[in-house]
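The primary structure of each chain is shown beneath.
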Amino acid sequence: APKEATPAVVPLWIPTKISMNTSHLDIPNRIDLKFQEPKIDSLGFDTTNDGTYTGNTADYYRIQWSEDASFDSPAGTYDWIAKQGDNEPMLCEDDCYVELGAEVQVLSVYSGNGEPLDGGGFQLLYVGPSSPQMSVLVEAGKTGITVLYNDTSITREYEKTPVVNAGDFLRIDGDLYEIAENGASEKYNITLTEAYKGAGGDGKTILTAYYGALPTTCAFYNHTATEMENYIKGNLFDDVPFAETIKVSSDNMTDGTKWRVTFAGAAFLDDVYP
């Protein structure tokens, strides 16, 4: 027998200390999942990272759920990326937490030609259910809409109907529209840069419109995870009336940067429009 041998690479095995509960924030479409790294592999050998032995670390953990205990036909699958901050691995030596149901979106900027990206900035805008909103009167095929409510006696900012400006944006019935011009401050008319795309009909329809204005500052191609997180919090969700938690991690690519944004908290109960 040889005096020494290099063992074969064995995939990580089952995570340990797994527990699951309903949302600690009482959000109805979320589940809190907690676990730690696998302690042994399928052959029974130690795979912990405790200083005496350095095992491989997981790039991601695959989470599946099913409507029956046999898991013959999983109802869903989610790959939780084990990264935080700027491409920092999460070893899960202690508890790792996953908020199942929280929306995760990926934002990428890259050169497009395979070369390193060495400059550039961009603006981010969110317009959706967590934005200020107003009731509007719309008609299919028309660029003109009318705001029906603007009570200036309301003191709480998020309840006020926002006074919009040219270059701002409205999301109506799921579609995003840019504002070409606005009228008076109360019961005013707004002209969109393109006609409302809703279903045709003989008359006008009252709908809820979500409002957003482009931030005055830019995010940059080389933002760290913390810088991008602060940019999103400070520019996109500053006036949200409910609790929101935004977490960002980043991956540096050869031709750009990729940020992974997790939207948690009651403010993001519904889908977050990309």
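Structure: above.
Conventions adopted
- Residues numbered from 1 in each chain as written.
- Predicted model: local features only at pLDDT ≥ 70, side-chain atom pairs only at ≥ 80, totals over all residues.
- Heavy atoms only, no water.
- Pairing = 2+ DSSP bridges.
- Helix = DSSP H or I, 4+ residues; strand = E, 2+ residues; numbered from the N terminus.
- Axes fitted to C-alpha atoms, helices over the stretch in contact; angles between N-to-C directions.
- Contact = heavy atoms within 4.5 Å.
- Phe/Tyr/Trp six-rings, centres within 6.5 Å; stacked < 30°, edge-to-face > 60°.
- Buried < 20%, exposed > 50% of the residue type's maximum accessible area, 1.4 Å probe, protein only.
- Disulfide = S-S within 2.5 Å.
- Core = buried A, V, L, I, M, F, W, Y, C linked by side-chain atoms within 4.5 Å.
- 1 Å grid on protein atoms, 1.4 Å probe; cavity = no way out; pocket = protein on both sides within 12 Å on 5 of 7 lines; lining within 4 Å.
- Points joined across faces, edges and corners; volume = space filled by probe spheres on them.
- Nonpolar A, V, L, I, M, F, W, Y, C, P; charged D, E, K, R; others polar.

*Asks:* Is there a simple way to explain the sheet that holds strand β8 (residues 103-110) in this structure?
*Replies:* An order of β8-β18-β17 is seen for the 3 strands of this open sheet, with the pairing classed as antiparallel. If you trace the sheet from one side to the other, it starts and ends with β8 and β17 (245-253), each paired once. When strand polarity is set aside, the average angle formed by the axes of neighbouring strands in this sheet is 20°. Relative to the sheet, helix α1 (residues 225-235) contacts β8, β17 and β18 (256-264), its axis offset from that of β17 by approximately 140°.

*Asks:* Sorry, what's going on with the packing of aromatic side chains here?
*Replies:* Aromatic rings in a pair are described by how distant their centres are and how their planes are angled relative to each other. Scanning the entire structure with this criterion turns up 5 aromatic pairs. Aromatic pair F122 and W259: ring centres 6.1 Å apart, planes at 55°, arrangement tilted. Here W259 lies in strand β18 and F122 lies in strand β9 (residues 121-122), a separation of 137 residues in the sequence. Classification of F122 as buried rests on a relative accessible area of 17%.

*Asks:* Help me understand the state of the cysteines, please; the structure alone is not making it clear to me.
*Replies:* Here is the idea: a disulfide is a covalent bond, and it sits between the sulfur atoms of two cysteines. With the rule as written, the count across this model stands at 1 disulfide. The residue that forms a disulfide with C92 is C96, at a sulfur-sulfur distance of 2.1 Å. Handedness here is read from the sign of the S-S torsion; for C92 and C96, about -95°, the answer is left-handed. By the burial criterion, C92 is buried, and C96 matches it.

*Asks:* Please clarify how the nonpolar core should be interpreted in this entry.
*Replies:* Inside soluble globular proteins, nonpolar side chains tend to come together where they are buried. Formed by 19 residues in total, the largest nonpolar core has its most connected members in M228, I232, F237, I246 and V248. Where this core is concerned, the elements lending two or more residues are α1, β17 and β18. It is α1 that contributes the most residues to this core, 4 residues altogether. Among residues more than four places away in sequence, those in contact with I232 are L124, F237, I246, V248 and V261. In terms of nonpolar packing, the next biggest core, distinct from the first, is built from 16 residues, V138, I172, Y188 and I190 among them.

*Asks:* Help me understand the layout of surface pockets in this model?
*Replies:* Unoccupied space between atoms shows up once a probe the size of one water molecule is rolled over them. The space that makes up the largest pocket amounts to roughly 910 Å³. When its residues are assigned to classes, the lining of the largest pocket shows 17 nonpolar, 10 polar and 7 charged.

*Asks:* What's the story with the side chain of D255 in this structure? I'm lost.
*Replies:* Checked against the element boundaries, D255 lands in the loop between β17 and β18. When sequence neighbours within four positions are dropped, the list of residues in contact with D255 reads V109, Y110, S111, G114, E115, P116 and L117.

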